[in-house]
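Listed here are the chains, written in short residue letters.
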Amino acid sequence: MSPAGRTRRERDKERDMAAEGEKKEEKEEKEEEEKEEKEEKEEKARDYAKGNWTLEETMTLLEAKKKDSERRAKRPEEEDGFKDGLKEGPRWRWIEDYCWEMGCKRSQNQCNDKWDNLLRYYKKVRKYEATEASSFWNLQAWERKEKNLPTNFSQQVYEELNEMVKEMPPPLHLMIADGSNGGAITLPRRKSKRRRKLRKREEEEEEEEIAEETAEEEAAAAAAAAAAAEGTASDVSRSICAVAEALMAAEEKEEVRHRELMEVKERRLRLEQERTEMVVEAVSALVAAVNVLASSISGAR
């Protein structure tokens, strides 16, 4: 067969492979949408907790991760799930169900994001402990912030994570220990419409909470001013000072909350960029593998 004929066959084969890939991707997207719709209906029946995680909730999440690793290690690959009294399903759905049973009312997306943050905090503290003379646990909150370290990371959580990392398989253990792969130990995930909607809703709720707290502080300051107006001259003077201090404190808190909110948004943006880069690398590797396979088939013929 002439080189031109072989080239046409290769092109036809590549088109067929591309068409099959598109069909498979469309099928996966449809299945994912159906699955998300089902999960959304189930989640509507649950009233999830909001705001910062408590230490008890965080320890429950770590316990759920340990249980999940144990059940997956015991489960044969050909089985669909692991029956232990909780609903079977994907990893983070299972973890959500476990946390819910233990009284931690958090969604699977909240659990996933919290786990990513904990791993990132753990690596920063681990690196600091290994390279600096002073201990992280002796630093004040403002010192941690200046060094770009987590300001409210619990030593109890760190020690529990340390034990969990030691029990991980060698590849994952090294990835966490040396800080490779950005602290993530899961495969890149496609950002679904529902997940984007939940992210947006969580950000809006955070902004609403900040606005409510600011309104409460302003109302308290106004009440103090009104009470001061009814008192004597000395009382008025003292009340004015108190109101001024309250307003200054409220402004400082507002500024701190604003900075924290911006830091959260920046961290989320960096995380999305890292995941996008991982997806691009995976696609490039897949294309290279397909090209090598096509070349091998062409050479064999």
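Quick note: structure is the one above.
Residues numbered from 1 in each chain as written. Predicted model: local features only at pLDDT ≥ 70, side-chain atom pairs only at ≥ 80, totals over all residues. Heavy atoms only, no water.

> Got a minute to help me understand the overall build of the protein in this structure?
Secondary structure summary: the protein contains nine helices and zero strands in total. Going residue by residue from the N terminus, the α and β elements of the protein occur as α-α-α-α-α-α-α-α-α. Within the protein, the proportion of its 301 residues that are buried is 27%. Entry remark: accessible area of the protein is about 20200 Å², with carbon and sulfur atoms responsible for 52%. (Helix = DSSP H or I, 4+ residues; strand = E, 2+ residues; numbered from the N terminus. Buried < 20%, exposed > 50% of the residue type's maximum accessible area, 1.4 Å probe, protein only. Areas by Shrake-Rupley, 256 points an atom, 1.4 Å probe, with all protein chains shown as cover.)

> For this particular structure, what's the right way to read the pattern of salt bridges?
Oppositely charged side chains can form a pair if their charged atoms are brought close together. For the structure on display, the rule yields 14 salt bridges. E160 is the salt-bridge partner of K66, the closest N and O atoms lying 3.1 Å from each other. Here K66, found in helix α2 (residues 55-74), pairs with E160, found in helix α6 (residues 155-166); they are 94 residues apart in sequence, far enough to count as distant. Ionic pairing is found between D68 and R72, a salt bridge with its closest N-O pair at 3.4 Å. Separated by four residues within a single helix, D68 and R72 lie in helix α2, roughly one turn from each other. Judged by its relative accessible area of 25%, R72 is partly exposed. Here the salt bridges share partners, and the residues they tie into one network are R46, R93, E96 and D97. (Salt bridge = Lys/Arg side-chain N within 4 Å of Asp/Glu carboxyl O.)

> Explanation requested: unusual backbone geometry in the structure shown.
A negative phi angle is the norm for most residues apart from glycine, just as the trans form is the norm for most peptide bonds. At N148, a position not held by glycine, the phi torsion is positive, near 60°. Tracing the backbone through its elements, the reader meets N148 in the loop between α5 (141-146) and α6. Judged by its relative accessible area of 56%, N148 is exposed.

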